[in-house]
Amino acid sequence: MTNDWVHRTIGPWSGSLLDHWAFPMGGIGAGMMCLEGRGSLSHVSLRHRMERYHEPLTFAAIALRGRPASARVIEGPVPRHRIFAAPGGGLGCVGKTYGLPRFTDVTAKAQFPFCRLDLNEPEYPLEVMLVGWSPFTPPDADAASLPVAALEYTFRNRSAEPIEAVFSFNSVNFLVQEPGRQIMAGQQGRGGTDYGVTRDKDGFTLWERGQGARAVRTAACRISATGGDVAVNPRWFRGAWYDAQTVAWSSVEAAEPVDKSDYDDDGAPSPGGSLFVQLRLEPGEHRTVTVRLAWYVPYSDLRYGAEPDGAPQVYEPGPHGGTSRHLMTEYVTPPVPSAPEDCYRPWYASAFADIDAVSTYWSRNYDALRRSSLTFAHALHDSTLPDPVLEAVSANLSILKSPTVMRQHDGRFWAWEGCRDDVGSCFGSCTHVWNYAHAIAHLFPALERSAREAEFTDGQNGLGHQVYRLSLPLRPALHDFLAAADGQLGGIVKCYRDWRISGDIDWLRKMWPSVRSSLDYCIEAWDPDKRGRMAEPRHVTYDIEFWGPDSLTMSFYAAALAAAIDMGAALGESVQVYRDLLPAAVGTLEGELYNGEYYQQTIEWKNARRTDPTGIVRHPKAAPYSPEALSLLEREGPKYQYGSGCLADGVIGDWMARASGLRSGMDAGHVRSHLRALRTHNFRPQLQLHVNPQRPGYALSDDGGLLICTWPRGGQPILPFIYSNEVWTGIEYQVAAHLTMCGEPEAALDIVAAARRRYDGRSRNPFNEYECGHFYARALASWTLLQAFSGARYDAVTRQLHVQAGGEWASRVFIATATGYGIVERRGGQVSIDIRSGTIPIDAIVFDHDPS
């Protein structure tokens, strides 16, 4: 019915593969709603927080004139698990569409940021195609941050007779109806706010309005349609029990548009609204009705991070430096300040005055935004990547549509690690988690640079100590806990990467003093003797501290030193101390930590300059050392180490360096040996007999996956680091990309395919790879698979396209730069680039010969 889908897609999904299928739509930091695999809306999260179980009574329908019992909700079969297990199931699924007639078959596919559902029913004279999308326009972050989504319903008459039909879109006021709360006519809004439904020219607006401290409840969502004359009913029946939805469905069945004005001021407001479009279709003809959704929620009650006023502003790296308490405010929602301006406000609230402005912009620019988004979708999917790899890259871009990512009023980026069911999970653009997430750096480089600027200004003090959780709204942080070694060192490498992507030497010059201060702090805190050996305790992404040199942080150390040497040299700065340290750090990795097969950890703690392991307070879940834990400490050292283990993140610094156009200095043969050991020892085709007393939901039973750590040579601690028995997709993609970069694409493909099989829709959402929360940021490590399988990287500093000689694992692969994107193609030793959007100035194509 349309040629938009002639290019390669991911999928298809049908039957039980749609049970947990939910495709996110919305803008970067602008709120989200998901189009479910059956055609309904769920996860409606417009108030700057996840609302996992917000599945309001909102539905599209079609009814044929003159044909009794022809009315259908434009949805497929209800997944069986929803009947009882979903919230409200014990009450019989109040406020759901589950009991309404629907189509019998659905097939879905996706081409981010678009998804398509084909709905069918034997003997029904109409075929229905539903396309859901929202703008995604690299490198233009503003257009990709709009609080909007679209649903395009296309109907084709497959009968031999003309058909007259009425399409409708119907919705309760879901700004008031929230999970577990069904509004009834006559009720007030939440907290005494007003609410209602207002008629517009081509649709209706749902709204709620608050005052004073309750201004955070102020919100509006406009639903409009194109594709024919639109009739509007903003006056749903007011009554009790199920009156409103019963009468609304009666209007659908009647196949006659209902057109009314707003209620006069005569009591309770309308609980919902509907719009109607009449259709006439000749045999074989098709028509499209587009439903546009735009929303505006200018305030929130989100404020995270401790206030520094009156508190110590330094973190001393001396002998007592580890005793400070850690204010883990991601576990506690702070009190709501009296003024909404003290809390997070979205970027779009600065760009647009109200819902009218958003809706008008969406309407006027719809076609252009669709073309731009479609150009990106076609370019991303026009590749020869293996199916699981393309799926991992494409599906995980949905994270950028989710409430995991935020964009505050001044346009700067901020993010959670992921989302719990009703709020963000683990606040503060956590540096060691977002180390893995390379997608924004390539697709929206200016947005990524705003994250670097926040880390190195708001998050860093005069000593160079950097917090790994930034406050929201962004403001100077309280430095009251250990820095995260992987996060802080990784940030230095990311500064290097962002400079090479942007080519902006002035930006690098501005950042350099803070970068240098950060690296000097890392040396003083963890390698105070300047031996190239990080022996002091270091906080890492596993929420623990490693004691003694380990390859995870040492590989980051080597990469950060290499990055600083190159950045400093470009600026004419003296970097001799870093030049002296780099070979020493590499020497520690190769001479001490490499065991002949893989890299490991040397556990040492009694001679550490910092406080002993019992003095570091992590968070409320960390109990003090018990007598039995103290006994264990004497026998094998601090809790939560890995020692002789084979760690999936064991050479992550080298992956970070390669993905950034840098060489860490590590022995390429040893790195490859470590990665091969991971494939041999850590990868499990199925986990039926695997012991995981930690969090097994990510991978279990007949799932396959890559374990975070194993001990093939023995020596597993009684209490290894927490999470060591788990499987995280972000680490799987990091390892898979690194394997491919080192010439092992077959092993990489095994890992990626196993990960995507876990997210096939049967038990997990293909667009929601979770870890400590839904839509978890670490999964965006999948972006580096593009670079790994193509072997191509663009350097804006030198205006060169770098291609890895012998690294052609896919002949056509998408590439994104700060100024445009396109397709890199390699044929018979020849390289070309097909620019699809913007410009990519290339002075030379350079073939890099990898020493591995």
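Residues numbered from 1 in each chain as written. Predicted model: local features only at pLDDT ≥ 70, side-chain atom pairs only at ≥ 80, totals over all residues. Heavy atoms only, no water.

Q: Got a sec to walk through the environment of Y557? Specific residues and values, please.
A: Here Y557 lies in helix α12 (residues 551-571). A residue is classified by how much of its surface remains accessible, and Y557, at 1% relative accessible area, is buried. The sequence separation of Y557 and D486 amounts to 71 residues, and the corresponding C-alpha distance is 8.3 Å. The contacts of Y557, once residues within four sequence positions are left out, are L489, I523, D527, G532, R533, M534, L581 and A585. (Helix = DSSP H or I, 4+ residues; strand = E, 2+ residues; numbered from the N terminus. Buried < 20%, exposed > 50% of the residue type's maximum accessible area, 1.4 Å probe, protein only. Contact = heavy atoms within 4.5 Å.)

Q: Please give an account of unusual backbone geometry that cites residues and values.
A: Looking along the chain, the bond that leaves G11 and enters P12 is cis, with omega of 5 degrees. Looking at the element boundaries, P12 is found in strand β1 (residues 10-14). That bond from L472 to P473 is cis: its omega, -10 degrees, falls within 30 degrees of zero. Structurally, P473 is set in the loop between α9 (445-456) and α10 (485-502). Positive phi, close to 65 degrees, is recorded for C93, a residue that is not glycine. Within the secondary structure, C93 is located in the loop between α1 (80-84) and β7 (105-111). For A255, which is not glycine, the phi dihedral falls at a positive 55 degrees. Tracing the backbone through its elements, the reader meets A255 in the loop between α2 (243-253) and β16 (272-281).

Q: So what's going on with the packing of α9 against α10? Residues and values would help.
A: Interaxial distance between α9 and α10 falls to 10 Å at its minimum, and their mutual angle equals 145 degrees. Like other packed secondary-structure pairs, α9 and α10 cross with a definite hand, here left-handed. Across the interface between the two elements, P445, E448, R449, R452, E455 and F456 from α9 touch G491, I492, K494, C495, R497, D498, I501 and S502 from α10. When its residues are assigned to classes, the contact of α9 with α10 shows five nonpolar, two polar and seven charged. (Axes fitted to C-alpha atoms, helices over the stretch in contact; angles between N-to-C directions. Left-handed = near helix turned anticlockwise from the far one by under 90°. Nonpolar A, V, L, I, M, F, W, Y, C, P; charged D, E, K, R; others polar.)

Q: Describe the nonpolar core, and please don't skip the residues or the numbers.
A: Counting residues in hydrophobic clusters, the biggest one holds 240 residues, and the most contacted among them are F155, F167 and Y542. Take this core: its biggest share by element is 14 residues, from α12. Of all hydrophobic cores here, the second largest spans 14 residues; its members include W414, W416, V423 and V467. (Core = buried A, V, L, I, M, F, W, Y, C linked by side-chain atoms within 4.5 Å.)

Q: Can you break down the pairing of strand β9 (residues 126-133) residue by residue, with the values?
A: Burial runs high along β9: seven of the eight residues are buried. Here strand β8 (residues 114-120) hands over to β9 after five residues, with E123 in that stretch at a positive phi of 75 degrees. For β9 and strand β10 (residues 148-157), the ladder comprises eight bridges, and the chain directions are antiparallel. Looking at β10, one finds that G132 is bridged to L151. (Pairing = 2+ DSSP bridges.)

Q: Break down the packing of aromatic side chains for me, citing the residues and quoting the values.
A: Any aromatic ring pair is given by two values, namely how distant the centres are and how the planes are angled relative to each other. Under the defined criterion, the tally for this structure stands at 41 aromatic pairs. Ring plane angle 90 degrees and centroid distance 5.8 Å describe the contact between F376 and Y821, whose orientation is recorded as edge-to-face. Taken together, the residues F376 in helix α5 (residues 366-381) and Y821 in strand β31 (residues 820-827) connect sequence positions 445 residues apart. Measuring from ring centre to ring centre gives 6.2 Å for Y759 and Y770, while their planes differ by 75 degrees; the resulting arrangement is edge-to-face. (Phe/Tyr/Trp six-rings, centres within 6.5 Å; stacked < 30°, edge-to-face > 60°.)

Q: Which residues make up helix α16 (residues 668-682), and what values go with them?
A: Look at α16: 20 Å from first C-alpha to last across 15 residues, which is about the 21 Å you get at 1.5 Å a residue. Residues A668, V671, R672, S673, H674, L675, A677, L678, H681 and N682 constitute the buried set of α16. Two or three places before G669, at the start of α16, stands the capping residue D667, its side-chain oxygen 3.0 Å from that residue's backbone nitrogen. (Expected span 1.5 Å × (residues − 1). Polar contact = N/O pair within 3.5 Å; in protein donor to acceptor, adjacent residues only side chain to side chain.)

Q: Can you explain the sheet that holds strand β4 (residues 41-45)? Please cite residues and give values.
A: The strand order β2-β3-β4 describes an open sheet built from three strands, whose pairing is antiparallel. With partners counted over all chains shown, the strands left at the sheet margins are β2 (22-26) and β4, one partner each. On average, adjacent strands in this sheet sit at an angle of 20 degrees to one another, irrespective of strand direction.

Q: Residue-level account of the sheet that holds strand β6 (residues 72-73), with values.
A: Sheet architecture is open: five strands sit in the order β6-β5-β11-β16-β15, paired in antiparallel fashion. If you trace the sheet from one side to the other, it starts and ends with β6 and β15 (230-233), each paired once. Across the sheet, α2 lies against β5 (58-64), β6, β11 (163-172) and β16, angled at about 35 degrees from β5, the strand it touches most.

Q: Summarise the pattern of salt bridges; cite the residues concerned and give the values.
A: Tallying each qualifying case throughout the model produces 60 salt bridges. In this structure, D506 and R509 form a salt bridge, with 3.0 Å as the shortest nitrogen-oxygen distance. Taken together, the residues span about one helical turn, with D506 and R509 both in helix α11 (residues 505-526) at a distance of three residues. Overlapping salt bridges, with partners in common, bring together E36, R38, E55, E75, R82 and R102 in one network. (Salt bridge = Lys/Arg side-chain N within 4 Å of Asp/Glu carboxyl O.)

Q: Pulling in residues and values, what's your account of empty space enclosed by the protein?
A: In the structure shown here, the tally under the stated rule is nine cavities of 30 Å³ or more. There is about 240 Å³ of room inside the largest cavity. Along the wall of the largest cavity there are 22 residues; nearest its centre are H442, Q787, R793, I815 and A816. Only α10, α19 (784-790), β28 (792-795) and β30 (812-816) provide two or more residues apiece to the lining of the largest cavity. Grouping the amino acids of the lining of the largest cavity by side-chain chemistry returns twelve nonpolar, seven polar and three charged. (1 Å grid on protein atoms, 1.4 Å probe; cavity = no way out; pocket = protein on both sides within 12 Å on 5 of 7 lines; lining within 4 Å. Points joined across faces, edges and corners; volume = space filled by probe spheres on them.)

Q: Report on the environment of T740, specifying residues and quantitative values.
A: For T740, the position within the fold is in helix α17 (residues 729-741). Judged by relative accessible area, which is 0%, T740 ranks as buried. Linking T740 and L126, residues 614 residues apart in sequence, is a C-alpha distance of 47 Å.

Q: Could you give me a rundown of the pairing of strand β14 (residues 219-226), with the residues and numbers involved?
A: In terms of residue burial, β14 counts as a mostly covered element, since seven of its eight residues are buried. Sheet topology note: the strand β13 (residues 203-209)/β14 ladder contains six bridges and is antiparallel. Bridging across to β14, E208 finds its partner in A219. Summarising the sheet, β14 and strand β17 (residues 286-296) pair through seven bridges and their orientation is antiparallel. Along β17, the bridge assignment pairs R222 with A294.

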